[in-house]
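Single-letter residue listing:
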Amino acid sequence: MSIEIREARWDGEEATALRLAMDAELRPRYADLFSETTSAPTPVDTTQIVFTLVAFDGDQPVATTSLKNTDGFFEVKRVFVAESHRRQNLGARLLAEVEERALALGITDLVLQTGLRQPEAIALYEREGWVLIPPFGPYADDTEISRCFAKAIVPLFVAVELPARGAPATLVSDAVAAIGTFAAAGVDLAIIGDDLRDAPEGQARVDAPTLAAFAAPKVAGIGLAATISTTHTEPFHLAKVVQTLDHASLGRAAWQVAVSTSAEEAAQFGRKPAVDEPEAWAEAEEAIEVAERLWDSWEDDAEIRDRATGRFIDRDRVHHIDFEGRFFSVKGPSIVPRSPQGRAPIIVSVTSAASLDVAARRADIVRVTADRVTEARAAIVEAGRAQLVTVLVDVPVASGSLRDLLATLRHDTGADGAVLVFDEIPDAAAFVTSLAPFVRRDDPTTLRDSLGLTRPASRYVRTLEGATL
Amino acid sequence: MTSRTPTSRTPTSRKQIHLAAHFPGVNNTTIWADPLSGSQIDFASFEHFAATAERGKFDFLFLAEGLRVREHNGQIHDLDVVGRPDTVTVLAAVAAITEHLGLVGTLNTTFNEPFELARQLASIELVSGGRTGWNIVTSNDAFTGENFRRGGFLGNPDRYTRAAEFVDVSEALWADQKVDHHGEFFDVVGQLSIPVSPQGKPVILQAGVSDEGRDLAARYADAIFSPFADLESGRTFYADIKRRLAGFGRGADELKILPGATFVLGDTDAEAEERYQYERSAQVSGATALRTLEAVWGRDLSEYDPDGPLPSVDLVVENVELTAGRATHHIDRRGSALAWVEKAEAEKLSIREVAIAKLSRGILVGTPLQIADRIDEFVQTEASDGFILVPSITPTGLDEFVDKVVPLLQERGSYRTDYEGATLRENLFA
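The rules we used
Residues numbered from 1 in each chain as written. Chains lettered and ligands numbered in written order. Predicted model: local features only at pLDDT ≥ 70, side-chain atom pairs only at ≥ 80, totals over all residues. Helix = DSSP H or I, 4+ residues; strand = E, 2+ residues; numbered from the N terminus. Rg over C-alpha atoms; globule rule 2.2 N^0.38 Å. Buried ≥ 20, exposed ≤ 12 C-beta atoms within 10 Å, placed from the backbone. Domains from an automatic or database assignment. Contact = placed C-beta atoms within 7 Å. Nonpolar A, V, L, I, M, F, W, Y, C, P; charged D, E, K, R; others polar. Pairing = 2+ DSSP bridges. Axes fitted to C-alpha atoms, helices over the stretch in contact; angles between N-to-C directions. Parallel < 35°, antiparallel > 145°, perpendicular 65-115°, else oblique. Left-handed = near helix turned anticlockwise from the far one by under 90°. Expected span 1.5 Å × (residues − 1).

## Digging into the overall build of chain B
- For chain B, the count of helices and strands is 14 helices and 14 strands.
- For 430 residues, the compact-globule formula gives about 22 Å, and the C-alpha radius of gyration of chain B, at 22 Å, lands near that figure.
- Seen along its three principal axes, the alpha-carbon backbone of chain B occupies a region of about 70 × 60 × 40 Å.
- Classification of the 430 residues of chain B by burial places 52% in the buried group.

## A short note on the domain arrangement of chain A
All names here are of chain A.
- Split by domain assignment, chain A resolves into domain 1 (3-152) and domain 2 (157-450).
- Counting from both sides, the interface comprises 11 residues of domain 1 and, opposite them, 8 residues of domain 2.
- Of all elements in the fold, only β6 (131-133) and β7 (146-152) reach the threshold of two or more residues within the side of domain 1 that touches domain 2.
- Taken together, the residues of the side of domain 1 that touches domain 2 break down into 7 nonpolar, 3 polar and 1 charged.

## Some details on the domain arrangement of chain B
Residue and element names in this part refer to chain B.
- Here the domain parsing of chain B yields domain 1 (18-267 + 367-428) and domain 2 (270-359).
- Placing the centre of domain 1 and that of domain 2 at their C-alpha centroids yields a distance of 28 Å.
- Taken together, the contact pairs 21 residues of domain 1 with 21 residues of domain 2.
- Contributing elements (two or more residues each) for the side of domain 1 that touches domain 2: β3 (71-72), α4 (142-145) and β11 (256-265).
- Each residue belonging to the side of domain 1 that touches domain 2 can be placed in one class, and the counts come to 7 nonpolar, 9 polar and 5 charged.

## Some words on the environment of B:S414
- With respect to the helices and strands, B:S414 occurs in the loop between α13 (399-411) and α14 (424-428).
- The sequence separation of B:S414 and B:Q380 amounts to 34 residues, and the corresponding C-alpha distance is 8.9 Å.

## Observations concerning unusual backbone geometry
- Residue A:P333 follows A:G332 across a cis peptide bond; omega there is -5 degrees.
- A cis amide bond links B:T394 to the next residue, B:P395, at an omega of -10 degrees.
- Locating B:P395 in the fold gives a position in the loop between β14 (386-389) and α13.
- With a phi close to 50 degrees, A:D71 is a non-glycine residue in the positive phi region.
- Even without glycine at this site, B:D176 takes up a positive phi of about 55 degrees.

## Section: the sheet that holds strand β12 (residues 223-229) of chain A
All names here are of chain A.
- Taken in spatial order, the 8 strands close into a barrel running β8-β10-β12-β13-β18-β19-β20-β21, and their pairing is parallel. Shown here is a sheet whose adjacent strand axes are inclined to one another by a mean of 25 degrees, direction ignored.
- Where strand β19 (residues 365-368) meets strand β20 (residues 390-396), 4 bridges bridge the pair, whose relative direction is parallel. Looking at β20, one finds that I365 is bridged to T390.

## Details of the interface of chain A and chain B
- Contact residues are listed per partner, giving 48 residues for chain A and 52 residues for chain B.
- At the level of elements, β11 (204-205), α5 (208-215), α6 (235-248), α7 (263-269) and β15 (311-313) of chain A are the ones that each hand at least two residues to the side of chain A that touches chain B.
- Considering only residue class, the side of chain A that touches chain B consists of 27 nonpolar, 8 polar and 13 charged.

## Brief notes about the packing of α6(A) against helix α2 (residues 87-96) of chain B
- Taken N-terminus to C-terminus, the directions of α6(A) and α2(B) make an angle of 30 degrees; their axes are 8 Å apart at the nearest point. Classed by the angle they form, the pair α6(A) and α2(B) counts as roughly parallel. The interaxial crossing formed by α6(A) with α2(B) has right-handed handedness. Residues A:V241, A:T244, A:L245 and A:A248 of α6(A) form the contact with α2(B), whose own contacting residues are B:T89, B:V90 and B:A93.
- Of the residues that constitute the contact of α6(A) with α2(B), the class distribution is 5 nonpolar, 2 polar and no charged.

## Section: the sheet that holds strand β4 (residues 73-81) of chain A
Residues and elements named next belong to chain A.
- What the 7 strands build is an open sheet, ordered β1-β2-β3-β4-β5-β7-β6; its pairing is mixed. Among the strands making up the open sheet, the edge pair consists of β1 (3-8) and β6. Averaged over all neighbouring strand pairs, the angle between strand axes comes to 30 degrees, with direction disregarded.
- Strand contacts of helix α1 (residues 13-26): β1, β2 (49-57), β3 (60-70) and β4, with the helix running at about 90 degrees to β3, the strand carrying the most contacts.

## Regarding helix α3 (residues 114-128) of chain B
Residues and elements named next belong to chain B.
- Along its 15 residues, α3 runs 21 Å from first to last C-alpha, staying within 8% of the 21 Å computed at 1.5 Å per residue.
- A large share of α3 lies buried, amounting to 14 of its 15 residues.
- G129, located one to two residues past α3, shows a positive phi value of around 70 degrees.

## Describing the environment of B:S45
Residues and elements named next belong to chain B.
- Tracing the chain through its elements places S45 in helix α1 (residues 43-55).
- Residues S45 and F23, 22 residues apart in the sequence, show an inter-C-alpha distance of 9.4 Å.
- With residues near it in sequence (within four places) discarded, S45 still touches G38, S39, Q40, T394 and P395.

## Examining the pairing of strand β8 (residues 157-163) of chain A
Residues and elements named next belong to chain A.
- Extensive coverage of β8 is indicated by the burial of 7 of its 7 residues.
- Where β8 and strand β21 (residues 417-421) come together, 5 bridges link them in parallel fashion. Bridge pairing in β21 places V160 opposite L420.
- Pairing geometry for β8 and strand β10 (residues 189-193), over 5 bridges, is parallel. In the sheet register, E161 faces β10, and the bridge partner there is I191.

## A few points about the environment of A:F431
Residue and element names in this part refer to chain A.
- Its location among the elements puts F431 in the loop between β21 and α13 (432-435).
- For F431, a count of 22 C-beta atoms within 10 Å translates into the label buried.
- The spacing of F431 and L402 is 29 residues in sequence and 8.3 Å in space, taken between C-alpha atoms.
- When residues no more than four places from it in sequence are discounted, the contact partners of F431 are A185 and L402.

As structure tokens, then:
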């Protein structure tokens, strides 16, 4: 049997006939629940149909489905296979075709609604990796009969943020174990939080880059971000720390930029009084510029090991950065050769107008609360960086069913993924099942890969014409 | 039930040798042109080197540091290995793949702040279970200061006072006390919230050999990275330091003296000599020889033939420092030049041959047995407590030493067959 799936009109003859057959088959199953008047399907606004597919066996139409844009949900509608052609995997083939075409249209998530008395349909969706979700959109009030499913056809970018803090005796092993479990569960990135304030009574707090570097050789397949504040730390130091983390993790490092505005932290260093948030972020932006210049200060092919001339490097490919700013001047180059990712991704968590500005202009990953996604997207567009930035929404893990939340996260928030924010180092195993349907299944080589970012050339590379790229 | 081991050849009365492994550095000792030379930056190199050192029951891995890429005559120096990782970060990663090896990093008191550096070291202590060491260096180097927000120029007396205050603050922080310090150089108020480590605090190393440097070491250090790798100067230095310890109320055994030394092994005398000649010539190319002379003469000598005679002493330009970002500086430049020219004339040496002679220091050359004998002699005759070994090949340069010399030292009862303790301090003072 050769089945061909073609695009058709929703209101064309073949699709309409198949849907009528579907109605005729299903109506009796729900007859006791609906009166004659309500059992007729709600009329569909055909302008909302993205496409309709019909499967033909020769010239006989034998199955159909459609994709509909229902208030921003991309909903798979009316999956039906004629009785003569069941048990041939045709339903799964139709769904696969919908996914492929939706992907080509840039759609990331699909949903659908079926009913509790269609066990064969429910079985099909579960087999094909769909996740049962609470009734969405137009079905939200119908928790009795509706059974709704979702499928992330593009994996969500999922990060976790763990504090570098915990019981003194077990903090390190607990953190490494949790990162390992999250890595195996398909989480893309573990962010090690940090600040320099005193830990709560009975807890220890460790330097975030140190913990990230310690985890790097022990845990594969997950990005590792260290939080480093720019307020009291020298940009030259933090730049080489991040580069070294990138070398030690074989291209999985990231830097979460933070600022320190407390008097407590200022007193630890005793170099300057506490600064306010706008001033601290202005300094952070300079520190980011310095770090990125230092990361580029060695071109990728600077090391030549030329025995004939006795030169280890080509010094024309190692550059002073000559940065002069409001807060510091740094000569360069870095002492660390260019790292596997070239430039490790930069994460900025938006907590204020000042941090939003820096995030939009500088970050590869922008973290926001759900209510600020639109504002952040607008600022990123304004900065001309819409294609370059991954927007993640912070999800406090105590907030209800993680699985339901992730299933419609992109639709509900407009973000590209989530940061699960843990206040204590968690028992990561408890989250594996909830995450499974939404995360990647492959292992990207570098963190930039998993963000869809290419490896940047050094800004100091000269083109043949002598200009700088 | 008791049993005797009549075959045992391990008398326990011998003074125990302590060995450390210096990751090959960014000077001409490291031979990058050798076919076996690997990456100086890939983590796999650190992994291999650390695993070899741990297999050889070394006390610790040692990392040097430089916070600005070296320059010569205003340009980045390109003849030696360039580039290395951040010390603290790479030690944290090495902690993850080792169990017993100590992790010693060189970290500068001039370009760091006490709270931050003490916290980083305490953090490595926590992840490594008490295996950290800190080689304290000070700097009066405005050249390096250009990479830092405050700049870094401090005169000689000041830098040691600052270093001492830095260590005092660090020690209070490592005790996990609430620190409220207001001193000449630092105002630090805060607490680390990191528990006191199993070894109490990181092991302190010091490398300065000036009078102030020796006193700083005698007061604070657990070990000295010494430049005196010949028996005579080694014994003099050893006696001087042990004498100074008493002045600070410390016992003679409370500080280990470990000279840095490179080594060249051969299965026979002839092989060792052949390898030695190869290494010396690989370490000092014609270009390296000319730059070495330029640093002394204080001027460009690139027109000279490295295989020809030395330039006249009259060409020396005083008060010009061509080399920047390196620990050693020429103080009496004209005097040095004169000595080099006299040596060349007396021994009929070319520029390159003189440079080879001048750059070769602290080298152990011989068969495994000869080198084992030599190291043991140093330790048993109080010229040192062991060595910080500096291989010339990254990262495999230590392999042969561990395979061939370590078993000989163990056989004669001068060297551990297993780690005595869990922490660096326990092993260093076992």
